[in-house]
Amino acid sequence: MRFILIAPPVPSQKWKEQFEKIAPEIPLTIGAMTDRPEEVVCAMVWKQKKGVLSPFKNLKLIFSMGAGVDHIMEDDSIPHHIPICRVIDPQMAFSMSNYILMAVLNHHRSFYDFQRAKQKKQWAQFEFGEKELKIGVLGTGFLGMDIATKLDALGFSVVGFSTTPKETSFPSYSGTQLDSFLSEINVLICIVPYTPKTQNLLNYSFFQKLKNPTYLINVSRGGVQVEKDILRALDEGLLNGTFLDVFEEEPLPKKSPLWDHPNIQITPHIASLTYPEQSVRQVLDCFERVEKGLPLPQQADRKRMY
Ligand code: GLV
């Protein structure tokens, strides 16, 4: 029995250290090259190349090293009987929610206006008020539910949207009610998984459904947004600002017009951090459950693709 870890160098090193500390008895291979592929029973992957798992004929579990599983779902060479699990971590939700909170509060308290005033040494005490916000959380999965619940508890007016109805402490829409959801809000937090259904979702016709100038926060995937449509929606006032952590192409190319736009805030896909110790424990727990034939609460659905 052997576990394999296929990911870029930075997460690989930290995961390797934690894995060897927590499960020194399990042989671990870093990278896809091994002369004993038949021994590999569990693969931990992030941004792996398509087809790279094909030599491992005895795989029992594939574990995404992040919250998203799109990099695995997109690989048609992976047999459907192998369960795909992902990190579901309260610590990750803590970092994601705090990132979103930062973006919401900066907007709420006109932080960028005060920054511009500071550059002019202007004491703008009465110029910028507190904004009245109606915050829409698009995607109330594990992470979306965490931020929606926290914003609600902080006293913000929150409304959720999910594909299937969810029990929430705040009003929420589901299914075919997307237009009603969009017509109510003036802050949109996009925290949906990347699937064929959400690809290019944040496009011009979507923005046209917003009744109020809306502040967009996207922490899902760059493939969910159409950047030229974001720029157009900003120009036309459908959007009054954006806080983006994800981009169509990452790293965001130097020539992208997004960099210089005064109403676009940019961070380099860092909204949710992964904590390797916690995550490695989850991999081991999932694997034990696979071996015992127990249900896998962290399993992604092949049909829904998340
Ligand atoms: C990061 O983007 C993740 O999916 O964990």
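Residues numbered from 1 in each chain as written. Predicted model: local features only at pLDDT ≥ 70, side-chain atom pairs only at ≥ 80, totals over all residues. Heavy atoms only, no water.

A. Structural view of the pairing of strand 6 (residues 134-138). The buried fraction of strand 6 amounts to 4 of the 5 residues, a majority that puts the element mostly inside the structure. Of the pairings in the sheet, the one linking strand 6 to strand 7 (residues 157-162) comprises 5 bridges and is parallel in character. Across the sheet, Leu-138 pairs through a bridge with Phe-161, a residue of strand 7. Two elements, strand 6 and strand 9 (residues 187-190), share 4 bridges in a ladder whose sense is parallel. (Buried < 20%, exposed > 50% of the residue type's maximum accessible area, 1.4 Å probe, protein only. Helix = DSSP H or I, 4+ residues; strand = E, 2+ residues; numbered from the N terminus. Pairing = 2+ DSSP bridges.)

B. Focus on the environment of Tyr-204. Considering the arrangement of structural elements, one finds Tyr-204 in helix 7 (residues 204-208). Judged by relative accessible area, Tyr-204 falls into the buried class, the value being 14%. Along the sequence, Tyr-204 and Glu-227 sit 23 residues apart, while their C-alpha atoms lie 9.6 Å from each other. Once residues lying within four places of it in the same chain are set aside, the contact partners of Tyr-204 are Asp-229, Arg-232, Glu-236 and Leu-238. (Contact = heavy atoms within 4.5 Å.)

C. Looking closely at the sheet that holds strand 4 (residues 61-64). With respect to topology, 5 strands assemble into an open sheet ordered 2-1-3-4-5, the strand pairing being parallel. Whereas interior strands pair on both sides, the edge strands pair on one side only; in this sheet they are strand 2 (28-30) and strand 5 (84-86). Across the sheet, the axes of successive neighbouring strands diverge by a mean angle of 20 degrees, strand direction being ignored. Sitting on the sheet, helix 1 (residues 9-22) is in contact with strand 1 (2-6), strand 2 and strand 3 (40-45), with an inclination near 170 degrees to strand 2. Along the sheet, helix 9 (residues 276-292) makes contact with strand 1, strand 3, strand 4 and strand 5, crossing strand 4 at roughly 155 degrees. (Axes fitted to C-alpha atoms, helices over the stretch in contact; angles between N-to-C directions.)

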